[in-house]
Amino acid sequence: MATDPGVDPVQAWTPDAALSPPPDQTAEPEGFLVAAGEDVRVHFLEWRGTLTAAAAAPGVLLLPGFLAPAWSWTPVARRLAGWRRTVVADLRGQGLSDAPFDGYGVPSLAADAVAVAEGSGLLDAGPVVLAGHGFGAAVAAVAASLLGDRCAGLVLVDGGWERLEETTGADVDDFLRGLDEPPEVLRSMAAYLGDRRGFDPGTWDADQEQAARDAVVETAAGHVVRAVRPHVVEAIARAMFEFEPAEALAAVAAPVSVLVALGSGDAALRVGELRRSASARTRAGLPPLRGATFPEGHNLPRYRPAELTAAILAAHEGGAS
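Read on for a plain summary of the structure. (Residues numbered from 1 in each chain as written. Predicted model: local features only at pLDDT ≥ 70, side-chain atom pairs only at ≥ 80, totals over all residues. Heavy atoms only, no water.)

**Some words on the sheet that holds strand β5 (residues 86-89)**
Where we set the bar: At least two DSSP bridges between two strands are required for those strands to pair. Runs of E in the DSSP output that reach at least two residues are strands. Runs of H or I that reach at least four are helices, and both are numbered from the N terminus. As a rule, the C-alpha atoms of each element are fitted with a line to give its axis, helices using only the stretch in contact, and angles between N-to-C directions run from 0 to 180 degrees.
Strands sit in the order β1-β11-β10-β7-β6-β4-β5-β3-β2 across an open sheet of nine strands; the sheet is mixed. Bordering the open sheet on either side are β1 (10-12) and β2 (28-35), each of which pairs with just one other strand. If you compare each strand with its neighbour and ignore which way they point, the axes differ by 25° on average. Where strand β4 (residues 60-63) meets β5, three bridges bridge the pair, whose relative direction is parallel. Across the sheet, Leu62 pairs through a bridge with Val88, a residue of β5.

Take a look at the structure:
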């Protein structure tokens, strides 16, 4: 299929927060494990709300970002719970999923995501919407290509379209060296939670505290350490920097929606990378993607849950709204 070379590869779009259901504060997830390959179990949460309207296909699979637990998607999952069957997976090596010594390349993690979509029964009702945050967006993009026509739509939340060396100006070793937290933040759980609360006190609540607690382990001495094991941190970081987004997005036939947090890096560089990856789609004869921008930082599931929910609910439609 030929594409008009004059077509803008990124269609400006604003997800309407007013179309998002309110959060269901009574909803509670249930945890499950699914086999991904012979020796790896991947953990996921299934959210079941109390609402009954339109609780039908397409189901939704949410993937967290780098070092983030499944609970990080809770502000969105609470809104989706009564309207779509909603599953949030822990990436291999993160959260409650197994942490083997290999299998952290994007293709392997994407195959894990497909295993969750299949093993959870999400696909029983038809194609699903995939949404990923940060590095989870890169995994979601490759999982969408693996699913083919079983993917109804793809939502990339501040990730999945950029080459990190281009937008950060750093290589993977620089990035890994920059991950260390200041000692004063890790001296106690209270200090750590206070630091996370300080990112945006207005959005801090019990769900944000749970997500923060899930990301660390409290030692017998009262200090906290990162919950994700060092070999996983390094392997996933290297996978992040090896990811080629233009190639991945050119292989996704489903509609693609992108939400960009302009406060999480050099806005001009990141938008330039978005256009580069989007152009690869149109050169492959695929429709333009639609893109929305926000002034906040990277954690859009925390800062903009209503807009993310609206984007996910409309992801399969594929047109600007």
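**Description of the pairing of β5**
Our working definition: Any residue under 20% of the maximum accessible area for its type is buried, any over 50% is exposed, and the rest in between are partly exposed; the area is computed with a 1.4 Å probe on protein chains only. Seen with the strands pointing away from the viewer, any crossover whose path from the first strand over the helix to the second strand runs clockwise is right-handed.
Burial along β5 is two-sided: the face carrying Thr86 and Val88 and the face carrying Val87 and Ala89 are both buried. Both strand β3 (residues 41-48) and β5 contribute to a ladder of four bridges, which runs antiparallel. Residue pairing for β5: Trp47 is matched across the bridge by Thr86. As for the winding sense of the linkage, the β-α-β connection from β4 through helix α1 (residues 74-80) to β5 is right-handed.

**Re unusual backbone geometry**
A positive phi angle is found at Leu67, which is not glycine, with a value near 70°. Here Leu67 is to be found in the loop between β4 and α1. Phi is positive for Asp158, close to 50°, though the residue is something other than glycine. Structurally, Asp158 is set in the loop between β7 (151-157) and α4 (164-168).

**So, the side chain of Ser72**
Put simply, the rule is: Within 3.5 Å is the distance limit for a polar contact, defined as a pair of N or O atoms, with the added protein rule that one can donate a hydrogen and the other accept it, and that residues adjacent in sequence qualify only through two side-chain atoms. The contact rule is simple, with two residues in contact once any of their heavy atoms fall within 4.5 Å.
Here Ser72 shows up in the loop between β4 and α1. Look at Ser72 and you get buried, because its relative accessible area is 16%. Reaching out from Ser72, the side chain makes a polar contact with the backbone oxygen of Pro69 at a distance of 2.7 Å. Those residues in contact with Ser72 that sit more than four places away from it in its chain are Pro64, Ala211 and Pro301.

**A word on the nonpolar core**
Put simply, the rule reads: Take the buried residues of types Ala, Val, Leu, Ile, Met, Phe, Trp, Tyr and Cys, join any two whose side-chain atoms come within 4.5 Å, and each joined set is a nonpolar core.
By size, the foremost hydrophobic cluster in this structure holds 63 residues, and its most contacted members are Leu61, Phe66, Leu130, Phe135 and Leu154. For this core, the leading source of residues is helix α3 (residues 135-147), giving 10 residues. Residues in contact with Leu130, not counting those within four places in the same chain, are Leu61, Ala140, Ala143, Ala144, Leu147, Cys151, Gly153, Leu154 and Val155. In this structure, Val129, Val155, Leu259 and Ala292 belong to the second largest nonpolar core, which totals 30 residues.

**Some words on the packing of aromatic side chains**
The following threshold applies: Only centres within 6.5 Å qualify two rings of Phe, Tyr or Trp (six-membered ring in Trp) as a pair; their planes then separate them into stacked at under 30 degrees, edge-to-face at over 60, and tilted for everything else.
A full pass over the atoms with the stated rule returns four aromatic pairs. Aromatic side chains Trp47 and Trp71 sit 5.5 Å apart centroid to centroid with 45° between the ring planes, which places their arrangement in the tilted category. Taken together, the residues Trp47 in strand β3 and Trp71 in the loop between β4 and α1 connect sequence positions 24 residues apart. Like Trp71, Trp47 is buried. Pairing Phe175 with Phe241 gives two aromatic rings, centres 5.4 Å apart and planes at 55°, and the pair type is tilted. Here Phe175 is found in helix α5 (residues 172-177), whereas its partner Phe241 is found in helix α8 (residues 230-242), with 66 residues between them in sequence. Residue classification places Phe175 among the partly exposed positions, given a relative accessible area of 22%. Chaining the aromatic ring pairs together yields one cluster made of Phe66, Phe175 and Phe241.

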